[in-house]
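Residue-level listing of the chains:
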Amino acid sequence: MYRIKINGNKPLSGNIRISGSKNSAVALIPAAVLCDEEVTIANVPDISDIDALDEILNYLNAKVERKDDIIKVDSSKIENKLIPKKIVTKLRASYYFMGALLSKYKRVEMYFPGGCSIGARPINLHLKGFEAMGATVTENDNLFTITADKLTGAKINLDFASVGATINLMLAAVKADGTTIISNAAKEPHIVNVATFLNNMGAKITGAGTSEIKIIGVKYLHSCFHEVVPDYIETGTYMILASLIGKDLTISNIIPEHVEALISKLEDVGIPMEIDIDSIKISRPEKLKSTSIKTQVYPGFPTDLQQPFATLLTQCKGRSIINETIWENRFLNLKELNKMGATTDLLTNQKAVIIGPTKLIGKKVNATDLRGGASLVLAGLIAEGNTIIDNADYVLRGYEGIVDKLTKVGADISLEEVK
Ligand code: EPU
């Protein structure tokens, strides 16, 4: 287990450079197995979720070269075999191998994926979509067997604009016979990034980034070079941090358009921001005003920023409400924030109230999930005294070089492995 130690309340100045998007990279790497030649992906973040996907590729006998932020994957000779449960359950995104392997081999056997415990996280929409394309799905004790004589393009309407289902169905449809239309598709930046990657290989996908995506199946996908889009959740996390304790703190290598919902909420809180083409400079103002947020699919306020934003709300004057509409169990960080002196309470399991401002004091706390862990890092950085965050492995799943990046801008933070 890893532990993060922070001696807080030090103003942060300078520049934090944002890495490639976790949720994009974790889809691009499984998508790479669809290619019939070698592909190169750049700006891949160095995080443990990518290590887990690397392990899966190696297990399938893909040729993988990883150096700095570049990964080269040659899947032309991979074996379509059952990936051991202990690797599949390391992360959520292993489910993208379902769509990719099904598309390539018309058969896949796979265990139910892992991921943070933030809700039930069913995959019924993915499976229903595969079935609409002609596949048969059977399940036995969390082991899914999905087979098809052939995959045929279909019209699929998602009950919910699920990120995972949208990407998995694009992957399955890319080599299907005929045209697939996914309506009520998710519109997150990583959907566009994955579609662009597939198109760079020769796929025929239009409409990614809108609620209707059209995929005309092709037979062959060729070599290409592709870059992972900047991580808008990492961007948002550091923007929230800058709002709490930044002194001319610049967040660079970003796409401001991807964080518009957050910018609007930070304006409500009273945060002055200097927004440039690919960077934002933020300083903490003296007073912060309370506000309310409701998480929604993109371009609404992202659920993945809800927990970091909760830490900001502990410093805002008045009563703020968080309405979490995507996940049923994404408030586990609030109990930990309360240990540090915050006043938060659950109104329902998806609605919380935060009363501020309250002074935070360093304490020993527990990261319960990735973004909950990030919210505690922010809390530790503004708290008086020493904070110890146990189970920091969660944080390392999604934030590349977090300790180095924060140290460079003036934080007193370290990472320690606890045996
Ligand atoms: N849902 C279903 N059935 C399905 C799929 C989803 O009911 O078949 C429901 C879920 O239970 C949830 C909602 O739809 O209530 C949204 O799920 P979605 O499929 O969009 O989420 P996901 O693909 O499992 C990805 C990110 C999450 C992020 C969500 C929402 C990855 C690997 N994970 O999850 O990221 O919260 O989209 O934006 O891309 C994180 O980075 O911390 C994280 C949890």
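Think of each chain on its own: its residues are numbered from 1, step by step along the sequence as written. Only residues with pLDDT of at least 70 are given local features in this predicted model, and only at 80 or more are side-chain atom pairs given and counted; all residues enter the totals for whole chains, interfaces and linings. Just so you know, side-chain values use all the structure's heavy atoms and leave hydrogens and water out.

### Quick word on the overall build of the protein chain
No. 1: Helix and strand assignments follow DSSP, with helices taken as H or I runs no shorter than four residues and strands as E runs no shorter than two, numbered in order from the N terminus. For the protein chain, the count of helices and strands is 14 helices and 23 strands.
No. 2: All radius of gyration figures rest on C-alpha atoms, and the globule criterion is 2.2 Å times the number of residues raised to 0.38. Relative to a compact globule of 419 residues, whose C-alpha radius of gyration would be 22 Å, the protein chain shows 21 Å and is just as compact.
No. 3: Structurally, the protein chain occupies a C-alpha span of about 65 × 45 × 40 Å along its principal axes.
No. 4: Summary of the burial criterion: residues with accessible area below 20% of their type's maximum are buried, those above 50% are exposed, and those between are partly exposed, where the area comes from a 1.4 Å probe applied to protein chains only. Within the protein chain, buried positions represent 58% of all 419 residues.
No. 5: In what follows, a contact means two residues having at least one pair of non-hydrogen atoms within 4.5 Å. Of all intrachain contacts in the protein chain linking residues separated by at least 6 positions in sequence, the fraction that spans at least 24 positions is 72%.
No. 6: The Shrake-Rupley method, run with a 1.4 Å probe sphere, supplies the accessible areas, and residue values consider only the shown protein chains as cover. As presented, the protein chain carries roughly 16200 Å² of accessible surface, and 48% of it is formed by carbon and sulfur atoms.
No. 7: Positive: Lys, Arg. Negative: Asp, Glu. His and the chain ends are not part of the count. Charge placement uses NZ in Lys and CZ in Arg. For Asp and Glu, CG and CD serve respectively. The centroid of the 48 positive side-chain charges in the protein chain is displaced by 3 Å from the centroid of its 48 negative side-chain charges.

### Details of the pattern of salt bridges
No. 1: Criterion for a salt bridge: a side-chain nitrogen of Lys or Arg within 4 Å of a carboxyl oxygen of Asp or Glu. Scanning the entire structure with this criterion turns up 21 salt bridges.
No. 2: Between Lys67 and Asp68 there is a salt bridge; the shortest N-O distance is 4.0 Å.
No. 3: With relative accessibility at 62%, the residue Lys67 sits in the exposed group.
No. 4: Between Lys150 and Asp177 there is a salt bridge whose closest N-O contact spans 3.7 Å. Taken together, the residues Lys150 in the loop between β8 (143-147) and β9 (155-157) and Asp177 in the loop between α6 (163-173) and β10 (179-183) connect sequence positions 27 residues apart.
No. 5: By relative accessible area, which is 47% here, Lys150 ends up partly exposed.
No. 6: The class for Asp177 is partly exposed, based on a relative accessible area of 30%.
No. 7: Each member of the salt-bridge network shares a partner with another, and the members are Arg3, Lys5, Lys364, Asp390 and Glu416.

### Comments concerning the site of the ligand
No. 1: Near residues are defined by distance, with any heavy atom within 4 Å of the molecule or strand qualifying the residue. For the ligand, the set of nearby residues contains 23 residues, the closest of which are Tyr95, Asn124, Ser162, Asp304 and Ile326.
No. 2: Any pair of nitrogen or oxygen atoms within 3.5 Å is treated as a polar contact; in protein, a donor-acceptor pairing is required on top of that, and neighbouring residues in sequence qualify only through side-chain atoms on both sides. One nitrogen or oxygen atom from the side chain of Lys22 is found 3.3 Å from an oxygen atom belonging to the ligand.
No. 3: One of the side-chain nitrogen or oxygen atoms of Asn23 is found 3.2 Å away from an oxygen atom of the ligand.
No. 4: Within the complex, the protein chains bury 90% of what would otherwise be the 820 Å² of accessible surface of the ligand.
No. 5: Put simply, the parts of the chain that give the shell around the ligand at least two residues each are α1 (22-32), α5 (124-132), α6 and α12 (370-382).
No. 6: Under this grouping Gly is polar, as are all residues other than the nonpolar Ala, Val, Leu, Ile, Met, Phe, Trp, Tyr, Cys and Pro and the charged Asp, Glu, Lys and Arg. Looking at the shell around the ligand residue by residue, the class counts come to 11 nonpolar, 6 polar and 6 charged.
No. 7: Two domains share the shell around the ligand, each providing at least three of its residues, namely domain 1 (2-18 + 230-417) and domain 2 (22-227). What marks off one domain from the next here is an automatic or database domain assignment.

### Structural notes on the nonpolar core
No. 1: Take the buried residues of types Ala, Val, Leu, Ile, Met, Phe, Trp, Tyr and Cys, join any two whose side-chain atoms come within 4.5 Å, and each joined set is a nonpolar core. Within the largest apolar cluster, 81 residues are counted, with the highest numbers of intra-cluster contacts made by Phe97, Met170 and Leu198.
No. 2: Setting aside residues up to four positions removed in sequence, Phe97 forms contacts with Pro30, Val33, Leu53, Ile56, Leu57, Leu60, Ile83, Leu102, Val108 and Met110.
No. 3: The next biggest cluster of nonpolar side chains, apart from the first, holds 71 residues, and it includes Ile233, Met273, Ala367 and Leu396.

### Considering the sheet that holds strand β3 (residues 38-42)
No. 1: Pairing between strands requires that DSSP locate at least two bridges from one strand to the other. In space, the 4 strands of this open sheet follow the order β4-β5-β3-β13, with mixed pairing throughout. Where the open sheet ends on each side, the last strands, each with one partner, are β4 (63-67) and β13 (224-227). Neighbouring strand axes in the sheet, compared pairwise and without regard to direction, differ in orientation by 15 degrees on average.
No. 2: Pairing analysis gives 5 bridges linking β4 to strand β5 (residues 70-74), with the strands arranged antiparallel. When the sheet's bridge partners are listed, Glu65 is paired in β5 with Lys72.
No. 3: Contacting β3 and β13, helix α7 (residues 189-200) runs over the sheet at an angle of about 165 degrees to β13. In this description, a line fitted to the C-alpha atoms serves as the axis of each element, helices being fitted only across the stretch in contact, and the angle between N-to-C directions of two axes falls anywhere from 0 to 180 degrees.

### Regarding the side chain of Ser375
No. 1: For Ser375, the position within the fold is in helix α12.
No. 2: When its relative accessible area of 0% is taken as the criterion, Ser375 is described as buried.
No. 3: In this structure the side chain of Ser375 is engaged in a polar contact, spanning 3.1 Å, whose partner is the backbone oxygen of Gly372.
No. 4: Sequence-distant contacts of Ser375, defined by excluding residues within four places in its chain, comprise Gln307, Pro308, Thr311, Asn333 and Leu337.

### Some remarks on the sheet that holds strand β6 (residues 107-111)
No. 1: Pairing is antiparallel across the open sheet formed by 3 strands, whose spatial order is β6-β8-β7. Only two strands of the sheet have a single partner each, and these edge strands are β6 and β7 (136-140). Direction aside, neighbouring strands of the sheet carry axes that sit 15 degrees apart on average.
No. 2: Both β7 and β8 contribute to a ladder of 5 bridges, which runs antiparallel. Looking at β8, one finds that Val137 is bridged to Ile146.
No. 3: Against the sheet, helix α4 (residues 96-105) makes contact with β6 and β8, and its axis sits at roughly 160 degrees relative to β6, the strand it touches most.

### Details of the domain arrangement of the protein chain
No. 1: Partitioning the protein chain into structural domains gives domain 1 (2-18 + 230-417) and domain 2 (22-227).
No. 2: For domain 1 versus domain 2, the distance between C-alpha centres works out to 30 Å.
No. 3: Domain 1 puts 22 residues into the contact, and the matching count from domain 2 is 24 residues.
No. 4: The term buried area refers to how much accessible surface (probe radius 1.4 Å) is lost by two components on association, counted for both of them together. Surface buried jointly by domain 1 and domain 2 totals about 1900 Å² across both partners, of which 56% is contributed by carbon and sulfur atoms.

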